Amino acid sequence: MVERLSLGPASVSELAKPLPMTLSAVVQHLKVLEEAGLVKSGKVGRVRTCTLEIKTMAKLERWIAERKRFWEQQYDQLEGYLAQTAAKEKDQ
Amino acid sequence: MTVTTATFSIERVLNASPARVFAAYASLEAKSAWFKAPSDIETLDRDFDFRVGGKERFHARWPGGMVTDFQATYHDIVENERIILVYDMFQNGKKLSVSLLTLEFRAEGGKTRLIHTEQGSYLTGGAEAVKSREHGTTWHVDNLAALLEGREARAFA
């Protein structure tokens, strides 16, 4: 759904069409995405159109990337520690 | 506040046996040698109780004045095989995220494949909050980046 919305705004039925889900299941999923601030929707007449909240997505992606970078850095230090202690064990 | 969930994983092949990798997590002395901040920080609290139900805490003040708090509880420990913990990350007393972290140590020849899988709930602002607190949120994310990169947090301006 997020992938489809990344191409541009879409109506609920357009989003539901390629998915092996009922329309009400799609609506439920959209509700979760909307509550998380990832998707915005508005009604024009009888058609509800959804758009991706790029700013929130970008922020989340950056957030996750930073958290990942933090752990990568710790593991670099773990590698260094393991190399150091291996050398010590050899010396003994 | 709205919660956003996300999962990511990291894999590393480490040049050591699973027993040595596990040992690097299992004592405060070994863990402190690598699980540390890249810059000079003041440690406010450091707890380490490595057993199921035990807690770990790393509460610190950074050079810019920012206070971060890593609070974890160990949920599952299988010697030389895996460690599962849940950790909260706080910044200046505010909770940023709650994560379930699964660490697996798989023997691969004489080496170890470390698999880090993190399922997190990120307590970011909601759609309406993002608009009204854009500035504040950006500042928070920037400071989180600073924290993770070891840079100094910048003042709210």
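Residues numbered from 1 in each chain as written. Chains lettered and ligands numbered in written order. Predicted model: local features only at pLDDT ≥ 70, side-chain atom pairs only at ≥ 80, totals over all residues.

1. What about the overall build of chain B?
To keep it simple, the criterion reads: Helix numbering and strand numbering both begin at the N terminus, where a helix is a DSSP run of H or I of at least 4 residues and a strand a DSSP run of E of at least 2. Partly exposed residues are those falling between the two cut-offs: more than 12 but fewer than 20 other C-beta atoms within 10 Å of their own, whereas 20 or more means buried and 12 or fewer means exposed, with C-beta atoms placed from the backbone. Throughout, a pair of residues is in contact if the C-beta atoms placed from their backbones lie within 7 Å.
Along chain B, the regular secondary structure elements total four helices and seven strands. Taken over 157 residues, chain B has a buried fraction of 21%. Pairs at least 24 apart in sequence give 43% of the contacts found in chain B among residues at least 6 apart.

2. A closer look at the overall build of chain A
Counting secondary structure elements, chain A contains four helices and three strands. Taken from N to C terminus, the helices and strands of chain A fall in the order α-β-α-α-β-β-α. Looking at chain A as a whole, 21% of its 92 residues are labelled buried. At a minimum sequence separation of 6, the contacts of chain A that also span at least 24 residues come to 38%.

3. Description of the nonpolar core
To keep things clear, this is the line we draw: By convention the nonpolar core is taken to be a set of buried residues drawn from Ala, Val, Leu, Ile, Met, Phe, Trp, Tyr and Cys and joined through C-beta atoms within 7 Å.
Core analysis: the largest hydrophobic core is formed by 16 residues, its most contacted members being A:Leu82, B:Leu14, B:Val21 and B:Leu114. If you list the elements that add at least two residues to this core, you get α4 (54-91) of chain A together with α1 (18-26), β5 (82-91) and β6 (94-108) of chain B. A per-element tally of this core places β5(B) first, with four residues. Every residue in contact with B:Val21, bar those within four places of it in the chain, is listed here: B:Leu14, B:Ala16, B:Phe105, B:Thr112 and B:Leu114. Counting nine residues, the second-largest nonpolar core is a separate cluster that includes A:Leu15, A:Leu33, A:Val39 and A:Leu52.

4. Some thoughts on the environment of B:Ala26
The topology assignment puts B:Ala26 in helix α1. Sequence-wise, B:Ala26 and B:Ile77 are 51 residues apart; in three dimensions their C-alpha atoms are separated by 9.7 Å.

5. Digging into the environment of B:Ala6
Assignment of secondary structure puts B:Ala6 in strand β1 (residues 4-14). The spatial distance from the C-alpha of B:Ala6 to the C-alpha of B:Gly120 is 5.4 Å, given a sequence separation of 114 residues. Ignoring anything within four residues of it in the chain, the contact list for B:Ala6 reads A:Leu60, A:Ile64, B:Gly120 and B:Tyr122.

6. Focus on the interface of chain A and chain B
Under the convention used in this document: Note on residue classes: Ala, Val, Leu, Ile, Met, Phe, Trp, Tyr, Cys and Pro are nonpolar, Asp, Glu, Lys and Arg are charged, and everything else, Gly too, is polar.
If you look at the interface, chain A gives 30 residues, while chain B gives 26 residues. For the side of chain A that touches chain B, the element with the highest residue contribution is α4(A), accounting for 25 residues. For the side of chain A that touches chain B, the per-class residue count stands at twelve nonpolar, six polar and twelve charged.

7. Concerning unusual backbone geometry
Residue and element names in this part refer to chain B. A positive phi angle, close to 65°, is found at Asn80, a residue other than glycine. Relative to the helices and strands, Asn80 resides in the loop between β4 (67-78) and β5. Given 15 C-beta atoms within 10 Å, Asn80 falls into the partly exposed group.

8. Describing the sheet that holds β6(B)
All names here are of chain B. Rules: DSSP bridges decide pairing: two strands pair if at least two such bridges lie between them. Axis definition: a line fitted to C-alpha atoms, limited for helices to the stretch in contact. Angles are taken between N-to-C directions and run from 0 to 180 degrees.
Spatially, the seven strands line up as an open sheet ordered β1-β7-β6-β5-β4-β3-β2, and their pairing is antiparallel. In this open sheet, the two strands that pair with only one neighbour each are β1 and β2 (42-48). Averaged over all neighbouring strand pairs, the angle between strand axes comes to 15°, with direction disregarded. Note: β2 against strand β3 (residues 55-61), six bridges, orientation antiparallel. What sits directly across from Asp47, in β3, is Arg57.

9. Here we look at the pairing of strand β3 (residues 47-52) of chain A
Note on strand geometry: in a regular strand, side chains alternate between the two faces of the sheet. Residue and element names in this part refer to chain A. Here strand β1 (residues 10-11) runs beside β3; their pairing, made up of two bridges, is antiparallel. If you follow Ala10 over to β3, its bridge partner there is Cys50. The pairing of strand β2 (residues 39-44) with β3 spans six bridges and is classified as antiparallel. By the bridge assignment, Val39 is partnered in β3 with Leu52.

10. Looking at the sheet that holds β2(A)
All names here are of chain A. Ordered in space as β1-β3-β2, the three strands form an open sheet in which the pairing is antiparallel. Each edge of the sheet is formed by a strand with only one pairing partner; in this case those strands are β1 and β2. Set on the sheet, helix α3 (residues 23-35) makes contact with β2 and β3; between it and β2 the angle comes to about 120°.

11. Remarks on the confidence of the model for chain B
All names here are of chain B. Applied cut-off: The predictor rates its confidence in each residue with pLDDT, a number between 0 and 100.
The predicted model of chain B averages 81 in pLDDT, with 76% of residues at 70 or higher. Low pLDDT, under 50, characterises residues 125-157; the predicted model gives this stretch 50 contacts beyond four residues in sequence or across chains. This complex was scored by the predictor with a pTM of 0.66 and an ipTM of 0.71.

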